[in-house]
Protein chains: 2
Amino acid sequence: METNMHTGPATTALGETEQEIISLMAGAAQMLGLPKSLGEIYGLLYVSPEPLCMDDIMKRLHISLGSASQGLKQLRIFHAVRTVTVPGQRRDYYEPETELRQLLGNALREQFQPRLDTGRERLERLRHYLKDSPETSDHLHQRVEKLCRWHDNASQLLPLLSTLVKA
Amino acid sequence: METNMHTGPATTALGETEQEIISLMAGAAQMLGLPKSLGEIYGLLYVSPEPLCMDDIMKRLHISLGSASQGLKQLRIFHAVRTVTVPGQRRDYYEPETELRQLLGNALREQFQPRLDTGRERLERLRHYLKDSPETSDHLHQRVEKLCRWHDNASQLLPLLSTLVKA
DNA sequence: CCCTTACTTCAAATATTATTGAAATGAGTT
DNA sequence: AACTCATTTCAATAATATTTGAAGTAAGGG
């Protein structure tokens, strides 16, 4: 029976170019407020010519089992990686989603939409509460109204953004 | 001579509505990867019917002198607050920028543009380096090209976004 | 000039977040 | 069912980021 060892590019050390791309991805992740390691994992998958398993990721990035697992979990939630099954192999292999429009659309949906939704609820409640609160100052009323308009604008922006990137 | 005490709304305790708005702003700040206290300071200025000075901010938000100073510094960098001088008063007073289009435009310019710029430099260097590197795999070449296209798209998106919010 | 007040800076303390590794879980295989 | 290997989870640890308060700087007023 064949051994468990991996052959091919997955075992060769990372070249300068690969490292630079991984570092760029890590930076991009931090720019979006995500953990650096997320970006690194994504970057490694991005430069790899073939899908990698968790073990590859741990070894080549020098991160722990737990980090690799949790990082991949997050990336799956964002749909930034896909799980692929290699015939005759028990492990899961991962490959990156490389379409910017997909990545951006998913990120907006998963990361921003939920927060906007809870924001909406809180604003609604506030508005309702203020309805029969004549003692509240005009100024405050106006600011709440303005906030609601902010929220509406922001809410419209997300789907618009998705559309734009697709065009 | 008049005492240094502040009169009017700046000395009354924060009401429920004010607190809720401040909390919403804190959440929004965190959504954008900014410190919570930044959002709170902005929120306090947002609900205040008149400009506030650092001392007001410290006392009403229960934060230290240093935090107030640094928070305001950041907010000034983002152009999210303006300094106003009150005649006959030595202190600086602050009022919020409440136009979403301004806020968003400034944030994009101050927060994202610089990072995109350094990203561009690194990508250019990478591309140049790969030019006379025939030993680099086709796959890697393609990925670098794709990254450059990502970057171009992202770069075009920022000014587009500013335009959109204004419309 | 010196004093006072307003603000800034920065090193230390605190709080928050990410990472680790070991134990629990799940999923095939014999 | 018991065994093995792959993955997940989670409490402890490590790393980061934020907050504080005291010392330093600046600037107006006497």
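Placed above this text is the structure.
Residues numbered from 1 in each chain as written. Chains lettered and ligands numbered in written order. Predicted model: local features only at pLDDT ≥ 70, side-chain atom pairs only at ≥ 80, totals over all residues. Heavy atoms only, no water.

> Just give me the short version of the interface of chain B and chain A, but keep the residues and values in it.
Each side of the interface is counted separately: chain B has 43 residues, and chain A has 43 residues. Where chain B abuts chain A, roughly 3,900 Å² becomes buried across the two surfaces, and 71% of that area is made up of carbon and sulfur atoms. For the interface between chain B and chain A, the tally reads 4 salt bridges. We note a salt bridge from R122(B) to E20(A), for which the minimum N-O separation is 2.9 Å. Here chain B is connected to chain A by 18 residue pairs in polar contact (both at pLDDT 80 or more). Of all elements in the fold, only α1 (16-31), α2 (36-47), α5 (100-131) and α6 (138-166) of chain B reach the threshold of two or more residues within the side of chain B that touches chain A. (Contact = heavy atoms within 4.5 Å. Buried area = accessible area lost by both parts, 1.4 Å probe. Salt bridge = Lys/Arg side-chain N within 4 Å of Asp/Glu carboxyl O. Polar contact = N/O pair within 3.5 Å; in protein donor to acceptor, adjacent residues only side chain to side chain. Helix = DSSP H or I, 4+ residues; strand = E, 2+ residues; numbered from the N terminus.)

> If you had to explain the protein's contact with DNA strand C to someone new, which residues and values would you point to?
DNA strand C sits among 19 residues. The nearest are S37(A), S64(A), S67(A), R90(B) and D92(B). Considering DNA strand C, the proportion of its atoms within 4 Å of the protein that are sugar or phosphate atoms stands at 57%. In the environment of DNA strand C, a phosphate oxygen lies 3.1 Å from a nitrogen or oxygen atom belonging to the side chain of S69(B). Q70(B) places a side-chain nitrogen or oxygen 3.3 Å from a base nitrogen of DNA strand C. Looking at the surface near DNA strand C, the elements with two or more residues in it are α4 (65-77) of chain A together with α4 (65-77) of chain B. The element that contributes the greatest number of residues to the surface near DNA strand C is α4(B), accounting for 6 residues. Of the residues contributing to the surface near DNA strand C, the split by class is 4 nonpolar, 9 polar and 6 charged. (Near = heavy atom within 4 Å. Nonpolar A, V, L, I, M, F, W, Y, C, P; charged D, E, K, R; others polar.)

> Break down the relation of the copies chain B and chain A for me, citing the residues and quoting the values.
Once chain B is rotated about the relating axis by 180 degrees and shifted along it by 0.0 Å, it coincides with chain A to within an RMSD of 0.0 Å. Interpreted geometrically, this transformation is the action of a two-fold axis. Across chain B, the rotation axis passes nearest the C-alpha of G33(B), at a separation of 2.7 Å. Same-surface contact between copies: 100% of interface residues of chain B are shared with the interface of chain A. (Least-squares fit on C-alpha atoms with pLDDT ≥ 70 in both.)

None of this, on its own, says anything about what the molecule does.
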